[in-house]
Amino acid sequence: MEAVQAAAEKLGLSSSQNPQVHVDESLGNDENGTGSPEAPLKTAVAAVEKYGKDVKVLIKKTGDDDYVELTASAMKKAVKGAEGNAKKRAKAEEQAKVQAAADADAARKLEAAKQIVISEDKSLPEAKKIKIREAKGLRGTRVRVSGWVHRLRQQKDLIFLVIRDGTGYLQCVISGQAAQTYGALTLVLESTITVYGVVTALPEGKTAPDNHELPVDFFEIVGVAAGGSEQINARITADSLPDLLYDQRHLVIRGETASSVLKVRAAVLKAFRATYEELGLMEVTPPCMVQTQVEGGSTLFEFNYYGEPAYLTQSSQLYLETCLPSLGDVFCVQESFRAEKAHTRRHLSEYTHVEAELAFLNFDEFLEHLEEFLCRSIDKVLEDPVAGNLVQQLNPGFQKPSRPFMRMTYADAIRYVNEHDILTNDEPPRHHVFGDDIAEAAERKMTDQIGKPIFLTHFPTAIKAFYMKRAPGDDRVTESVDVLMPNVGEITGGSMRISDLDELLAGYKREGIDPSPYYWYTDQRKYGTCPHGGYGIGLERFLAWLTDRFNVRDCSLYPRYTGRCRP
């Protein structure tokens, strides 16, 4: 009451009167206002908090010119609001006291923990340095493992952590005095640590990676990761927007999903190379800086090459063709670049291009090779003890494509989409006609309806590249193919190449290409031409199909696309 009386006197009211306080909803200020007409408060709740529940409130509502006395019901509401705020403040103060006590206790524990020093027990067997992948075969053996803290859970006298080293995950348990050390108590995710102990199989009913764990008898902190607001799980969360995740890609790839995709990627490349070796193809490494185009000039990245115009390669196909006379059937795994300003989930500006060229075969033999290569490679990935399990985790229920692949010509596809009312993307949409480039969405819808792998063949000459061979007996179409898979669409494409010199020169002319820079490519038809064909696989698209990723960007280590060239 003394505060109320003092406030009343400050406002020029006698102590026998209830304080009279002014509240202006538009111009008032609860922090600096006094309740006078010159310095009104903003809310009635603040009036009650400052001057008590017996205060007389004069209020000027937004849009009004004069003050009026607050109604009884509004006053009751203001009192209730003030009481609620008081309870919240009291609770917050109590919580702050509890937290301060806990912080002080934690600080004392940490200070005491600094005095605890552990050392390796030299009476124990010498620890064998291993990678986590080796742990399963070394159960019962004392080992030394280094890695990053992937998961962390601290209890009263125990610390459970899962560490990773890129080869696997290992559950570790720190107990006893070791769990009371400063290093153990200040561990955070992504810290690096070396642990020592005997790999022990888990009893029935308990689970951990590879069904074993490591009771730690000694450990060393190698590097303490950032904590607080800089912790990794504060930098990237489940709700983070895609652009932020790509900004933080260096941290994202530490996660189980991203790293699993990259491990499957490595297994796919290994399988591709093994299959090519079995099929008798030799790997070569063509240049990435070129002065010719393969897929059209509009998607070329141009740069100044010592004063001459040059480009980042769109495809290594033309160079692979030159290797056939000397090295036989060949393949390469190279980066290709497309300057397409496309923001679709299937496009990248830089991607890993697996390409092959084969000599002395016809179109049917070419398709047989392509089917054999794809199916044999997929079998190898699924049989891999690590990658096979990861594919099933990432893409549960994945079924390898059944053989033989369905053969469907472009003309048959046009008939199919029209019969099933799969329209073009034009405005307004319409039925397809021969010569249309069937859009990705229409192609995918057709493939999903059919529900099996498709060799879509014999595309019109007008919509294909200059080097594709025309089909015997029908100059309108080429001996070309796209491989379509359900739920993803095209995963690879290829064709027989023009082997006739005059036909190739006509192709240059048709596409408006100056043949001069292609002299070395044209020479392949002058000096012992042969029937040959080849294809290219965008690794990221293939991987998106295999691992059920919605966007090919998630299948690249550091994706490059329109507007993205970092980190």
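Residues numbered from 1 in each chain as written. Predicted model: local features only at pLDDT ≥ 70, side-chain atom pairs only at ≥ 80, totals over all residues. Heavy atoms only, no water.

A. Seen up close, the packing of helix 2 (residues 44-51) against helix 3 (residues 72-113). Following both chains from N to C, one finds helix 2 and helix 3 inclined at 65°, their axes separated by 8 Å at the closest point. The chirality of how helix 2 crosses helix 3 is right-handed. Counted together, Ala44, Val45, Val48 and Glu49 of helix 2 and Met75, Ala78, Val79, Gly81, Ala82, Asn85 and Arg89 of helix 3 form the full contact between these two elements. Residues of the contact of helix 2 with helix 3, tallied by class, amount to seven nonpolar, two polar and two charged. (Axes fitted to C-alpha atoms, helices over the stretch in contact; angles between N-to-C directions. Helix = DSSP H or I, 4+ residues; strand = E, 2+ residues; numbered from the N terminus. Left-handed = near helix turned anticlockwise from the far one by under 90°. Contact = heavy atoms within 4.5 Å. Nonpolar A, V, L, I, M, F, W, Y, C, P; charged D, E, K, R; others polar.)

B. Up close: the sheet that holds strand 22 (residues 489-497). If you trace the eight strands from one edge of the open sheet to the other, you get 11-15-16-23-22-21-18-17, paired in mixed fashion. Lying at the two open borders of the sheet, with one neighbouring strand each, are strand 11 (282-283) and strand 17 (406-409). Inspection of the sheet shows strand 15 (residues 330-337) paired to strand 16 (residues 350-359) by eight bridges, in the antiparallel sense. Bridge pairing in strand 16 places glutamine 334 opposite histidine 353. Of the strands in this sheet, strand 16, strand 17, strand 18 (454-457), strand 21 (480-485), strand 22 and strand 23 (532-538) touch helix 10 (residues 363-383), which is tilted by about 30° from strand 23. Its contacts with the sheet put helix 13 (residues 440-450) on strand 17, strand 18, strand 21 and strand 22, and the angle it makes with strand 21 is roughly 60°. (Pairing = 2+ DSSP bridges.)

C. Summary view of the layout of surface pockets. Of the volumes computed, that of the largest pocket is approximately 1,300 Å³. Every residue lining the largest pocket is counted, 48 residues in all, and those nearest its centre are Glu295, Arg338, Lys464, Glu490 and Arg541. Counting only elements with at least two residues in the lining of the largest pocket, the list comes to strand 16, helix 13, strand 21, strand 22, strand 23 and helix 16 (539-547). Looking at the lining of the largest pocket, the element that brings in the most residues is strand 22, giving six residues. Taken together, the residues of the lining of the largest pocket break down into 18 nonpolar, 14 polar and 16 charged. The volume enclosed by the second largest pocket comes to roughly 740 Å³. (1 Å grid on protein atoms, 1.4 Å probe; cavity = no way out; pocket = protein on both sides within 12 Å on 5 of 7 lines; lining within 4 Å. Points joined across faces, edges and corners; volume = space filled by probe spheres on them.)

D. Seen up close, the packing of aromatic side chains. Enumeration according to the criterion identifies 23 aromatic pairs in this entry. Between the aromatic rings of tyrosine 410 and phenylalanine 434, the centroid separation amounts to 5.2 Å while the plane-to-plane angle is 85°, which identifies the pairing as edge-to-face. Of this pair, tyrosine 410 sits in helix 12 (residues 410-419) while phenylalanine 434 sits in the loop between helix 12 and helix 13, and the two are 24 residues apart along the sequence. Looking at tyrosine 410, the relative accessible area reads 0%, which means it is buried. Between phenylalanine 542 and tryptophan 545, the ring centres sit 5.5 Å apart and the planes meet at 70°, which makes this aromatic pair edge-to-face. With phenylalanine 542 and tryptophan 545 both in helix 16 and three residues apart, this pair spans about one turn of that helix. Take phenylalanine 542 and tryptophan 545: they sit in the same class, and that class is buried. Feature note: the residues Phe272, Tyr276, Phe331, Phe363, Phe366, Phe373, Phe398, Tyr535, Phe542 and Trp545 constitute an aromatic cluster, connected by ring pairs. One residue, arginine 476, lies across the ring of phenylalanine 434, its end atom 4.4 Å from the ring centre. Over the face of the ring belonging to tyrosine 561 we find arginine 553, whose NZ or CZ atom lies 3.6 Å from the ring centre. (Phe/Tyr/Trp six-rings, centres within 6.5 Å; stacked < 30°, edge-to-face > 60°. Buried < 20%, exposed > 50% of the residue type's maximum accessible area, 1.4 Å probe, protein only. Lys NZ or Arg CZ within 6 Å of the ring centre and 35° of its normal.)

E. Focus on a nonpolar patch on the surface. A cluster of nonpolar residues, Met289, Tyr305 and Tyr306, forms a patch on the protein surface that exposes about 390 Å² of accessible area. One can find tyrosine 305 in strand 13 (residues 301-305). (Patch = residues over 30% accessible without salt bridge, like charges linked within 9 Å, V, L, I, M, F, W, Y side chains within 5 Å. Areas by Shrake-Rupley, 256 points an atom, 1.4 Å probe, with all protein chains shown as cover. Salt bridge = Lys/Arg side-chain N within 4 Å of Asp/Glu carboxyl O.)

F. Quick look at helix 2. What helix 2 keeps buried is the set Ala44, Ala46, Ala47, Val48 and Tyr51. Positive phi appears at glycine 52, one or two residues downstream of helix 2, with a value of about 90°.

G. The arrangement of the confidence of the model for the protein in detail. Taken residue by residue, the protein gives an average pLDDT of 92. The fraction at 70 or more is 96%. Note on residues 3-16: pLDDT under 50 across the span, and 15 contacts to partners over four residues away in sequence or across chains. (pLDDT = per-residue confidence, 0-100.)

H. The arrangement of unusual backbone geometry in detail. Going from arginine 403 to proline 404, the amide bond is cis rather than trans, its omega being 0°. Residue placement: proline 404 occurs in the loop between helix 11 (387-394) and strand 17. Of the consecutive residues arginine 566 and proline 567, the connecting peptide bond is found in the cis state with omega at -5°. On the secondary structure map, proline 567 appears in the segment after helix 16. The backbone of glutamate 190 sits at a positive phi, close to 75°, despite the residue not being glycine. Relative to the helices and strands, glutamate 190 resides in the loop between helix 4 (182-185) and strand 8 (192-198). A relative accessible area of 12% means that glutamate 190 is categorised as buried.

I. A look at helix 3. Helix length check: helix 3, at 42 residues, gives a terminal C-alpha distance of 60 Å against a target of 62 Å (1.5 Å per residue), a fit within 8%. Listed in full, the buried residues belonging to helix 3 are Met75, Ala78, Val79, Ala82 and Ala113. Packed against the buried residues of helix 3 are helix 2, strand 2 (56-60) and helix 4. (Expected span 1.5 Å × (residues − 1).)

J. Quick peek at the pairing of strand 8. In terms of residue burial, strand 8 counts as a mostly covered element, since six of its seven residues are buried. Summarising the sheet, strand 5 (residues 142-154) and strand 8 pair through seven bridges and their orientation is antiparallel. Of the residues in strand 8, the one forming a bridge with valine 143 is glycine 197. Sheet analysis places strand 8 next to strand 10 (residues 212-223), joined by six bridges and oriented antiparallel. When the sheet's bridge partners are listed, valine 195 is paired in strand 10 with phenylalanine 219.

K. Molecular detail of the environment of aspartate 103. Residue position: aspartate 103 is located in helix 3. One polar contact links aspartate 103 to glutamine 99, side chain to side chain, over a distance of 2.7 Å. (Polar contact = N/O pair within 3.5 Å; in protein donor to acceptor, adjacent residues only side chain to side chain.)

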